[in-house]
Amino acid sequence: MLPVGVNYDTGLRYDGRSTRTRFDAGTVRDELRVIANDLHAPAVRVSGNDPDRLVIAGEAALEARLDLWFSPVPMDLEPDDFIAFLTDCAARAETLRQSGRGDVVLVLGCELSVFCKGFVPGETSGERLATMADPATWTDQEKMAQLFAGLARWGEVQQQLVAAARGVFGGRITYAAGMWEDVNWELFDIVSVDAYRDAANAANFRDELQARLKWGKPVAVTEFGCCAYRGAGDRGGSGWMIVDRSADPPAIKGTFERDEEEQVDYLLELVEEFDRIELAAAFWFSFAGYELQHRPDDPQHDLDLSSYGLVAVGDDGRWTPKRVFGKLAELNDGRR
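Each residue is numbered by its place in its chain's sequence as written, counting from 1. Per-residue local features of the predicted model are confined to residues with pLDDT of at least 70, and side-chain atom pairs are confined, for both listing and counting, to 80 or more; whole-chain, interface and lining totals are unaffected and use all residues. As a rule here, side-chain values cover all heavy atoms of the structure and leave hydrogens and water aside.

## What about the environment of F23?
Quick reminder of the rule: Helix and strand assignments come from DSSP, with helices taken as H or I runs of at least 4 residues and strands as E runs of at least 2, each series counted from the N terminus. Between two residues, a contact is recorded if the distance between any of their heavy atoms is within 4.5 Å.
Topologically, F23 is positioned in the loop between β3 (17-18) and α1 (25-38). Once the C-alpha coordinates of F23 and R53 are considered, the two residues, 30 residues apart in sequence, prove to be 8.2 Å apart. Leave out the neighbours within four places in its chain, and F23 touches T10, V28, R53 and I56.

Below you can see the structure in the form of structure tokens.
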């Protein structure tokens, strides 16, 4: 049976904001020890787009005796720029691997077809995600042709990217693919996918994952999870889209009932699916939503409702475990 790893955010800067403004090495070491010792996780996927922060968290993960999935995530870059960025990060990952303190897997980007430029129409990641989510994109022949041409360009870039990374990194390489992305997995050592089950894909979810076994390589889920409100499981990877960021301060759009059991149920149901498929690894997304503060006395501004975190973060930066934290710890402890 599969112990579950954890995604750990070091901070993504994009669209004029950051997913983590506070960052210090001491806190990072403490939280990585919590992931190793309290959650009994076998591995952590450390992600972000600040290379220095990634190294700090990577060192802390190895010190905590966690397997490290080193996951730089470029945002809003053109192909030449994100290849250069990821190659630099690959060299940093190789330094960590050469330390000999644990297994280091390089995750060579995440959902690049929408997070970076040149593939899906749109100047920002928000615009590109909106294009993917717009039903008209999938019914208008002209829009579909434009989209598929862009996704084909992403396929052409993969070979350049992997060749550059392998020139500086000697360990195993994978890529955190969106379920819509066509990846040439012959280039990679591990087949990985961000696998969020939702109401739209629930009927075919297991089949879509099992189809990735055809490559004859280990298959990993680099992200799965849901938010802590009633009905969030049916929204899966779009559950975070309940925040109105045009408001000042950002506010929850509509009324949502907080339900931490939603995360618990989602965890247990998907781990059961993963066990049937015999995945090599799976990572809950995420340890914390650092900029999604929990404000229980102010439901309109309780941004933790849109967080996938195992913990809820207050305005002072301190966090408290959610119910799914204890359930994941219990599950992993029984699988060691």
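## Description of the sheet that holds strand β8 (residues 191-194)
Let me state the cut-off plainly: Note: two strands are recorded as paired if DSSP finds a minimum of 2 bridges between them. Orientation is described by lines fitted to C-alpha atoms, with helices fitted over the stretch in contact, and by angles between N-to-C directions that extend from 0 to 180 degrees.
Taking strand neighbours around the barrel as the criterion, the eight strands line up as β1-β4-β5-β6-β7-β8-β9-β12 in a closed arrangement whose pairing is parallel. Ignoring strand direction, the axes of neighbouring strands in this sheet form an average angle of 25°. Sheet topology note: the strand β1 (residues 5-9)/strand β4 (residues 43-48) ladder contains four bridges and is parallel. Within β4, the residue paired with N7 across the bridge is R45.

## With respect to the nonpolar core
Basically, it comes down to this: Buried Ala, Val, Leu, Ile, Met, Phe, Trp, Tyr and Cys residues form a nonpolar core when they are joined through side-chain atoms within 4.5 Å. Each residue gets one of three labels from its accessible area relative to the maximum for its type: buried under 20%, exposed over 50%, partly exposed in between, using a 1.4 Å probe on protein chains only.
I35, F70, F224, F274 and F287 are the most contacted members of the largest nonpolar core, which totals 93 residues. Considering every element that reaches this core, the biggest residue donor is helix α3 (residues 79-98), with eight residues. Filtering out sequence-adjacent residues up to four positions away, F70 remains in contact with V46, L54, V55, C89, R92, A93, L96, V104, V105, L106 and V107.

## Brief notes about unusual backbone geometry
Between D248 and the following residue, P249, the backbone shows a cis peptide bond with an omega angle of 0°. Note on placement: P249 falls in the loop between β10 (243-244) and β11 (251-252). In this structure, the amide linkage connecting F285 to the following residue, S286, adopts the cis form with an omega of 10°. Of note, S286 is situated in the loop between β12 (281-284) and β13 (311-313). Residues other than glycine seldom take positive phi values, yet D76 does so here, at roughly 60°. Positive phi, close to 45°, is recorded for E111, a residue that is not glycine. Positionally, E111 belongs in the loop between β6 (104-110) and α4 (112-115).

## Topic: the pairing of β8
Under the convention used in this document: Think of it like this: strands point away, you trace from the first strand over the helix to the second, and a clockwise trace means the crossover is right-handed.
Of the two faces of β8, the one holding V191 and V193 and the one holding S192 and D194 are both buried throughout. Here strand β7 (residues 173-178) pairs with β8 via two bridges, running parallel. Residue pairing across strands places A177 opposite V193, the latter belonging to β8. As defined by bridge partners, β8 adjoins strand β9 (residues 219-224) across four bridges and the pair is classed as parallel. Across the sheet, V191 pairs through a bridge with V219, a residue of β9. Read from β8 through helix α7 (residues 205-210) to β9, the crossover connection turns out right-handed.

## Brief notes about helix α5 (residues 125-133)
What counts is decided by this rule: The arc refers to the directions leading from the helix axis to the C-beta atoms.
For α5, the full list of buried residues reads S125, R128, T131 and M132. Taken down its axis, α5 places every buried residue within 120° of arc, on the same side. Packed against the buried residues of α5 are β2 (13-14), α4 and α6 (141-166).

## Brief notes about the packing of aromatic side chains
Geometrically, a pair of aromatic rings is defined through the distance of the ring centres and the angle of the planes. Under the convention used in this document: Paired rings are identified among Phe, Tyr and Trp, the last through its six-membered ring, by centres lying within 6.5 Å, and are further divided according to the angle between planes into stacked (under 30 degrees), edge-to-face (over 60) and tilted (the rest). As a reminder, the over-ring test applies to NZ of lysine and CZ of arginine, requiring each to be within 6 Å of the ring centre and within 35 degrees of the ring normal.
Inspection of every chain in the model, using the stated rule, returns 15 aromatic pairs. A centroid spacing of 6.2 Å and a plane angle of 50° characterise the contact between F82 and F119, whose relative ring orientation is tilted. Here F82 is found in helix α3, whereas its partner F119 is found in the loop between α4 and α5, with 37 residues between them in sequence. The class for F119 is buried, based on a relative accessible area of 2%. An aromatic cluster of at least three residues, connected via ring pairs, comprises F82, F119, W154, Y175, W185 and F188. In this structure, R20 is placed above the aromatic ring of Y290, and the distance from its NZ or CZ to the ring centre is 3.8 Å. The positively charged end of R97 is found above the aromatic ring belonging to F169, 5.8 Å away from the centroid.

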